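Topology and contacts: notes
Residues per chain are reported as follows:
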Amino acid sequence: MAAFFNTGLSQQQFLDEYWQKKPLLIRQAFVDFESPISPDDLAGLACEPEIESRLIEENGPEGTWQVTHGPLSVDDFSRLPETHWTMLVQDVDKHLPGVQYLLDPFRFIPDWRRDDLMISYAPEHGTVGPHTDGYDVFLLQAMGTRNWQVSDKAIHDVELMEGLSVQIMTEFTAAQEWDLQPGDMLYLPPHFAHHGVARNDCMTFSIGFRAPSQTDLLDSVINTLLEKQLATGRYSDPDLQITVNQTEIDSQTISRLKQLLHDTIDQAEPILTQALGKYVSETKSSLATLAAESLTDLPSIQELDELFGKGGELQRSLYHRFAWSADTDGGHVYLAGESYFVDDENCSYLPLLTEHNAFTHTDWQQIKSSEQIVNLLCQLIAEGGWYWLD
Ligand code: SIN
Ligand code: CO
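Values in this document were obtained by computation on a predicted structure and should not be read as measured data.

Focus: the nonpolar core
Grouped together as the largest cluster of nonpolar side chains are 41 residues, with contacts concentrated most on Phe-14, Phe-30, Leu-42, Met-87, Phe-138 and Met-185. Put simply, the parts of the chain that give this core at least two residues each are strand 1 (24-26), helix 2 (39-46), strand 4 (85-89), strand 5 (114-122), strand 6 (136-143), strand 9 (185-188) and strand 11 (202-209). Grouped together as the second largest cluster of nonpolar side chains are 24 residues, Phe-308, Leu-335, Val-342 and Cys-378 included.

Digging into the sheet that holds strand 13 (residues 322-327)
The sheet built from three strands is open, its strands ordered 13-14-15 with antiparallel pairing. Bordering the open sheet on either side are strand 13 and strand 15 (338-342), each of which pairs with just one other strand. With strand direction ignored, the average angle separating the axes of adjacent strands in the sheet is 20°. Lying on the sheet, helix 7 (residues 272-280) is in contact with strand 13, strand 14 (330-335) and strand 15; it crosses strand 14 at an angle near 25°. Helix 12 (residues 371-382) contacts strand 14 and strand 15 of the sheet and is inclined by roughly 165° relative to strand 15.

A closer look at the pairing of strand 11
The element strand 11 is extensively covered by neighbouring structure, given that eight of its eight residues are classed as buried. Of the two faces of strand 11, the one carrying Cys-202, Thr-204, Ser-206 and Gly-208 and the one carrying Met-203, Phe-205, Ile-207 and Phe-209 are both buried. Pairing analysis gives eight bridges linking strand 5 to strand 11, with the strands arranged antiparallel. Bridging from a neighbouring strand, Ile-119 pairs with Phe-205 of strand 11. Across seven bridges, the pairing between strand 6 and strand 11 is antiparallel. Its bridge partner lying in strand 11, Phe-138 is registered against Ile-207.

Some points on the pairing of strand 5
The element strand 5 is largely enclosed, with a buried count of nine among its nine residues. Where strand 4 lies against strand 5, three bridges are found, and the strand directions are antiparallel. When the bridges of strand 5 are listed, Val-89 appears paired with Ile-119.

Details of the coordination of the cobalt ion (ligand 2)
Coordination of the cobalt ion (ligand 2) by the protein is provided by His-131 (NE2), Asp-133 (OD) and His-194 (NE2), with metal-donor distances spanning 2.0 to 2.1 Å. Each donor residue of the cobalt ion (ligand 2) belongs to the same chain, and together they define the spacing H-x1-D-x60-H.

Concerning the site of ligand 1
Around ligand 1 lies a shell formed by Met-118, Ser-120, Val-128, His-131, Asp-133, Arg-146, Trp-148, His-194, Thr-204 and Ser-206. A distance of 2.7 Å is found between an oxygen atom of ligand 1 and a side-chain nitrogen or oxygen belonging to Ser-120. Between ligand 1 and His-131 there is a distance of 3.1 Å, counted from an oxygen atom to a side-chain nitrogen or oxygen. Protein chains shield 95% of the accessible area of ligand 1, which is 260 Å² for the free molecule. Put simply, the parts of the chain that give the shell around ligand 1 at least two residues each are strand 5, strand 7 (146-154) and strand 11.

Some thoughts on the packing of aromatic side chains
Applying the stated rule across the entire model yields 22 aromatic pairs. For the ring pair Phe-14 and Phe-138, a centre distance of 5.8 Å and an interplane angle of 45° mean the geometry is tilted. In this pair, Phe-14 is assigned in helix 1 (residues 11-17) and Phe-138 in strand 6, connecting sequence segments 124 residues apart. Taking relative accessible area as the criterion, Phe-14 reaches 0% and is therefore assigned buried. Taking relative accessible area as the criterion, Phe-138 reaches 0% and is therefore assigned buried. For Lys-22, the ring lying beneath its charged end belongs to Tyr-18, and the centroid distance is 5.1 Å.

Some points on the sheet that holds strand 12 (residues 314-316)
Spatially, the three strands line up as an open sheet ordered 16-12-17, and their pairing is antiparallel. Edge positions in the sheet fall to strand 16 (358-359) and strand 17 (386-388), since each has one partner strand and no second. With three bridges connecting them, strand 12 and strand 17 associate as antiparallel partners. If you follow Gln-315 over to strand 17, its bridge partner there is Tyr-387. Of the strands in this sheet, strand 12, strand 16 and strand 17 touch helix 12, which is tilted by about 80° from strand 17.

Overview of the pattern of salt bridges
In total, this model carries 16 salt bridges according to the counting rule given. The partner of Asp-184 in a salt bridge is Arg-27, with the nearest N and O atoms 2.8 Å apart. With a gap of 157 residues between them, Asp-184 in the loop between strand 8 (176-180) and strand 9 and Arg-27 in the loop between strand 1 and helix 2 connect regions that are remote in the sequence. Here Asp-91 makes a salt bridge to Lys-94, at a shortest N to O gap of 2.7 Å. With respect to class, Asp-91 is no different from Lys-94; both count as buried. If you follow the salt bridges from partner to partner, you end up with Asp-91, Asp-93, Lys-94, Asp-115, Asp-116, Lys-284 and Arg-321 in one network.

Calculation notes
- Residues numbered from 1 in each chain as written.
- Chains lettered and ligands numbered in written order.
- Predicted model: local features only at pLDDT ≥ 70, side-chain atom pairs only at ≥ 80, totals over all residues.
- Heavy atoms only, no water.
- Core = buried A, V, L, I, M, F, W, Y, C linked by side-chain atoms within 4.5 Å.
- Buried < 20%, exposed > 50% of the residue type's maximum accessible area, 1.4 Å probe, protein only.
- Helix = DSSP H or I, 4+ residues; strand = E, 2+ residues; numbered from the N terminus.
- Pairing = 2+ DSSP bridges.
- Axes fitted to C-alpha atoms, helices over the stretch in contact; angles between N-to-C directions.
- Contact = heavy atoms within 4.5 Å.
- Donors = N, O, S within 2.8 Å, 3.2 Å for Na, K, Ca; no water.
- Near = heavy atom within 4 Å.
- Polar contact = N/O pair within 3.5 Å; in protein donor to acceptor, adjacent residues only side chain to side chain.
- Areas by Shrake-Rupley, 256 points an atom, 1.4 Å probe, with all protein chains shown as cover.
- Phe/Tyr/Trp six-rings, centres within 6.5 Å; stacked < 30°, edge-to-face > 60°.
- Lys NZ or Arg CZ within 6 Å of the ring centre and 35° of its normal.
- Salt bridge = Lys/Arg side-chain N within 4 Å of Asp/Glu carboxyl O.

Structure below.
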């Protein structure tokens, strides 16, 4: 059984005992860890217009807990004090493919659950304040020392400080506290309150796992039902009793409504996988512009053959989300909120199309043997999910 870092736990034991349940501190999860990026590299990313970043100052010139959204400028950096601020950059795993290896130990968790690798830099006393997140997160200390205080249970009804653009709890009582050194990692389930304060110049890597909300999922189910023209029935009341108050919505009406909603979910059963696949493959809105850069016209099979023949290499876009599913009568690839059908006999290609990082001439020889898969690859290229390496 695959080990979960150096914890003595298997990956399954970690899932059974800790995942979504309780925090876990792992000393030296990454032995002799050295950050692959420097604070200057991170500041460079924060200055890029298409990259999501924030600066959080505990005592900013415009007030306490001041948030400046990126792109940050040289002026922003030059006015910063020595201490008490944090710079955060989202989706570093997509912007710098060279850090993807850090995600490898987490690939036993479904890909669609992972959101991003966020990296923060903070000088001494830098913090974003005590807060909760709706995410599971692995907080890997990458440079310097950070003190983490953590609650002992999930807190759903947090009271937040008013008038701020950061979510900071008015009250926070720590149950546990640790200093994390480079290579140490802390796992936190969703809604566990946490407060991390830099003891010195420090960088923290947050590997965050998203979970769709009930209403977002319902929205996707409804859209798929509409598209497939399913669940077209209407409210009905053959059991109607004489109405006493004409304008009242009575409890029997609500019972019928609940039954109607249950029936709708039952009717949605055949499209649930597709609804989820489309939802989880939607491109993150903050990455949409970068993802659109690889959009192209639908290529022909001959073009692909030629380009591969000349030594061309196709690269899978990290700005796009991929997923696949298979059932008894075929499968689907999901990309950018769309689903693409694949016959049963071609389902073995699904991991290749959605997990591989690159296709060379050798892969092309394999892909070429299925006309349906070649056509699908052409569509995925047109959508920007795969692009030619320059
Ligand atoms: C940080 O890196 O400063 C904050 C990370 C978090 O609390 O989620
Ligand atoms: Co947090």
